[in-house]
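Single-letter residue listing:
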Amino acid sequence: MAILKHIANKNADYSEAQRYLIFQHNEYTGKPILDGNGKMQLREEYYLDGVECDPFSFDMECKELNARFHKNQTYDEIKSHHYIISFDPKDRDECGLTGEQAQQFGLEYCKKNFPGHQALVCTHMDGHNGSGNIHVHIVINSLRKNDVERQDFMERNCDSRAGNKHHLTNDYLVYLKQSLMDLCLRENLHQVDLLTKAERKVTEKEYHAKRSGQKKLEERNRQMISEGITPRITVFQTQKEYLRTSIDEAAASAHDLKKFEQILSEKFNIKFKISRGRFSYLHPDRDKPITGKNLGTHYEKDYLMGMIENNSRLENAEKDQTVQKDFLPEEITHDRENSAHQREIPAGTDAPTAPFEKSGLRLVTDLQHCIKAQQSKAYAGKVKLTNLQTMAKTLSYVQEHGYNTVEDAEGRLAEIKEFVSSSRKELKDIEGRLRQTNEQIHYTGQYLANKSIYSQFLKSKNKGQFRQEHSSELALYEAAVKFLKEKSGDGKLPTLQTLKAEKEKLLVQKKEAKEKYHYYRDYQKELNTVCANIHSALGQQHTRPTHKQEREDIS
């Protein structure tokens, strides 16, 4: 599921956004990560483009535009808006979402919803806090650069004119969320309704509180282990999380509201209260109760009463029914499995020479570990039918590709893995050279932008005073010269035309290498799914490698 986050920024240093997007930063402190020489380290994989500007001179162009319209000159003005689109990790593993595709979606989204603004669009592959999800950063200058055609989401006439500020209202934010949902549904990505209230509402404050609390707990546990004491608690739990977990357990077993209140009080020491038709809960370490609205829709009156009434109906139905076992579903499943095993598979064939095409195969759902299926018989029945359809597609795939045995399919998978590894290494090598070229272009632009200031500095009579007045520009110029001389073997500074020509050449090579890598990677993912479904049909254990494991194998 893709989610949208917005941050309004009053920082006048636009280059800070550039540094954050390009270089590695510590998740907890927000500071850049330095190498042994004290230099910032580039991110391992990112995609960067500019809209209405060059991405490597975004900061200078924004300052020039602000000066032209005399806007964003005071400290309390919002200088930029930072939007983050975070895709579901399953989009990468199950739907084949790539960083390049996400970057194109981000560019499309930016041009459609923030027309006329200077913007940086950057896709990161390393999800926040190790989540591994692909996410897109869109940083726009709050001041519009060009006049654009008036759109339906623009509430004021000035919202389409150059020289006016970006105006985010509640209605506009709803439109942005709907636009993101439409994009994900169009591309068949996992998506939830962003306009519906969250079932488990976790605020930004609670999220960071959990992270910092977990970090402190781990440090304390390490100290206890060093002293020979086994820690009793290893996972930090916020007060709201404790309430949610306790309410879930109480609601799952309560058959009336009185029993629900009793379980919360006796087992979890939580005081339950109803005020003006709203449910609220008092944590044992708090003085003020927390309403169900602040915990999520699953902790409000309507949902909990429905769940308790459903428990009551199930209890009465079990008392009235006689105990009997229905073996029919198992017999049908057993017959289907036997018929699948008895099918003959044609003789094996070599790898297809035609371009690879996705078959759309999905993994068979494991009902024994599916909590939702265990809670809902209707959902379990639907999953069983879907599993039968998936197995039929898998068997058809096996017959079409001529795999006589499981070893045949796994042997083909091993071959494709080798192709994936070699093509990925080739792509990484090209991307590394492209990052270095982009970095040189950035510093060359920085060098050219401040060259005139340095010339004035050389001609000035009072160089000390001039340096004091233009310290930032001179520092940028000298840093750029130092970097470019270090990178060039002969000490000569490269020209911008040469670097851009090299970049165009590398972009062509990258496109070819990426197409080759994507071909084999999609092939590998499909064979992984086929092998997993075959093992599931044979009743064998099969552990499908995670994306992280696949990356380690490839490296």
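Residues numbered from 1 in each chain as written. Predicted model: local features only at pLDDT ≥ 70, side-chain atom pairs only at ≥ 80, totals over all residues. Heavy atoms only, no water.

> I'm lost on helix α2 (residues 58-69) in this one. Help?
Think of an α-helix as turning once every 3.6 residues; residues three or four places apart then point the same way. With 12 residues, α2 should reach 16 Å at 1.5 Å per residue; the first-to-last C-alpha distance of 17 Å fits that figure. All of the buried residues along α2 are Phe-58, Asp-59, Glu-61, Cys-62, Leu-65 and Asn-66. Angularly, the buried residues of α2 cover 165° about the axis, an arc narrow enough to put them on a single face. Exposed residues on α2 whose side chains face more than 90 degrees from its buried face are Glu-64 and Arg-68. Considering only its buried residues, α2 is in contact with α1 (15-22), β4 (117-124) and β5 (135-144). Of the residues trailing α2, His-70 is marked for its positive phi of about 55°. (Helix = DSSP H or I, 4+ residues; strand = E, 2+ residues; numbered from the N terminus. Expected span 1.5 Å × (residues − 1). Buried < 20%, exposed > 50% of the residue type's maximum accessible area, 1.4 Å probe, protein only. Arc of directions from axis to C-beta. Contact = heavy atoms within 4.5 Å.)

> Sorry if this is basic, but what is going on with the pairing of strand β7 (residues 278-282) here?
Sheet faces and side chains relate simply in a regular strand, where the side chains alternate between the two faces. Burial of β7 is extensive: four of the five residues sit out of reach of the surface. Where strand β6 (residues 271-275) and β7 come together, five bridges link them in antiparallel fashion. Looking at β7, one finds that Ser-275 is bridged to Arg-278. Where β6 folds back onto β7 in an antiparallel hairpin, the turn is made up of two residues, including Arg-276, whose phi is positive at roughly 55°. Across two bridges, β7 lies against strand β8 (residues 290-291) in antiparallel orientation. When the bridges of β8 are listed, Ser-280 appears paired with Thr-291. (Pairing = 2+ DSSP bridges.)

> Any chance you could explain the environment of Asp-256 here in plain terms?
Along the chain, the position of Asp-256 falls in the loop between α7 (239-253) and α8 (257-268). Reaching out from Asp-256, the side chain makes a polar contact with the backbone nitrogen of Lys-258 at a distance of 3.2 Å. Only 2.6 Å separates the side chain of Asp-256 from the backbone nitrogen of Lys-259, close enough to count as a polar contact. (Polar contact = N/O pair within 3.5 Å; in protein donor to acceptor, adjacent residues only side chain to side chain.)

> Would you take a moment to explain unusual backbone geometry for this structure?
It is generally the case that most residues other than glycine have a negative phi and that most peptide bonds are trans. Of note in this structure, Asn-188 is not a glycine but carries a positive phi near 60°. Among the structural elements, Asn-188 can be located in the loop between α5 (170-186) and α6 (204-226). One non-glycine residue, Asn-269, lies in positive phi territory at about 60°. Here Asn-269 lies in the loop between α8 and β6.

> In this structure, what is going on with the side chain of Lys-79? I would like to understand it.
With respect to the element layout, Lys-79 can be found in the loop between α2 and β3 (80-86). Of the side chains with opposite charge, Glu-77 comes closest to the buried, unpaired Lys-79, at an N-O distance of 5.9 Å. Side-chain polar atoms of Lys-79 contact the backbone oxygen of Tyr-75, separated by 3.4 Å. Sequence-distant contacts of Lys-79, that is, excluding residues within four places in its chain, are made with Asn-9, Lys-10, Asn-11, Ala-12, Tyr-14, Asn-72, Thr-74, Ile-140, Asn-141 and Ser-142. (Lys, Arg positive; Asp, Glu negative; His and termini not counted. Salt bridge = Lys/Arg side-chain N within 4 Å of Asp/Glu carboxyl O.)

> Hey, could you run me through the pattern of salt bridges in this one?
Where charged atoms from two side chains of opposite charge come close, those side chains can pair. One pass over the full model with this rule turns up 17 salt bridges. Taking the shortest distance from any N to any O, the salt bridge between Glu-100 and Lys-514 comes out at 3.9 Å. A residue pair is termed long-range when its members are at least 10 positions apart, and Glu-100 in helix α4 (residues 99-113) and Lys-514 in helix α18 (residues 496-537) qualify at 414 residues. Classification of Glu-100 as partly exposed rests on a relative accessible area of 33%. Given a relative accessible area of 2%, Lys-514 falls into the buried group.

> I keep staring at the packing of helix α15 (residues 451-459) against helix α17 (residues 471-487) and nothing clicks. Help me out?
A pair of packed helices is characterised by two quantities: the angle between their axes and the separation of those axes. Across the interface, α15 lies against α17 with an axial gap of 9 Å and an inter-helix angle of 105°. By the angle between their axes, α15 is roughly perpendicular relative to α17. Of the residues in α17, those in contact with Lys-451, Ile-453, Tyr-454 and Phe-457 of α15 are Glu-473, Leu-474, Tyr-477 and Glu-478. For the contact of α15 with α17, the class distribution of residues is five nonpolar, no polar and three charged. (Axes fitted to C-alpha atoms, helices over the stretch in contact; angles between N-to-C directions. Parallel < 35°, antiparallel > 145°, perpendicular 65-115°, else oblique. Nonpolar A, V, L, I, M, F, W, Y, C, P; charged D, E, K, R; others polar.)

> Could you clarify how one ought to interpret the nonpolar core in this entry?
A general feature of soluble globular proteins is that nonpolar side chains tend to end up buried together. Residues Ile-85, Phe-87, Tyr-109, Phe-114, Ile-138 and Leu-180 are the most contacted members of the largest nonpolar core, which totals 32 residues. Breaking this core down by element, the ones donating at least two residues are β2 (46-51), β3, α4, β4, β5 and α5. Tyr-109 has contacts with Leu-4, Ile-85, Phe-114, Ile-138, Leu-176, Lys-177, Ser-179 and Leu-180, leaving out every residue within four places of it along the chain. Formed by 19 residues, the second largest nonpolar core is a distinct cluster that contains Ala-409, Ile-416, Leu-427 and Tyr-520. (Core = buried A, V, L, I, M, F, W, Y, C linked by side-chain atoms within 4.5 Å.)

> Even after reading the chapter, I still don't get α8, so can you show me in this structure?
Here α8 spans 16 Å end to end across 12 residues, near enough to the 16 Å set by a 1.5 Å rise per residue. Every buried residue of α8 is accounted for by Phe-260, Ile-263, Leu-264 and Phe-268. End-on, the buried residues of α8 take up no more than an arc of 95°, which puts them together on one face. For α8, the exposed residues set more than 90 degrees away from the buried face come down to Lys-258 and Glu-266. One side-chain oxygen at the N-terminal end of α8 lies 3.2 Å from the backbone nitrogen of Lys-258; it belongs to Asp-256. One or two residues past the end of α8 sits Asn-269, with phi positive at roughly 60°.

> Whenever I open this one, a positive patch on the surface confuses me. Can you help?
A grouping of Lys-197, Lys-201, Arg-276, Arg-278 and Lys-293 is seen on the molecular surface, where their side chains present a positively charged patch. The topology assignment puts Arg-276 in the loop between β6 and β7. (Patch = residues over 30% accessible without salt bridge, like charges linked within 9 Å, V, L, I, M, F, W, Y side chains within 5 Å. Areas by Shrake-Rupley, 256 points an atom, 1.4 Å probe, with all protein chains shown as cover. Charge placed at Lys NZ, Arg CZ, Asp CG, Glu CD.)

Shape is all these values report; function is a separate question.
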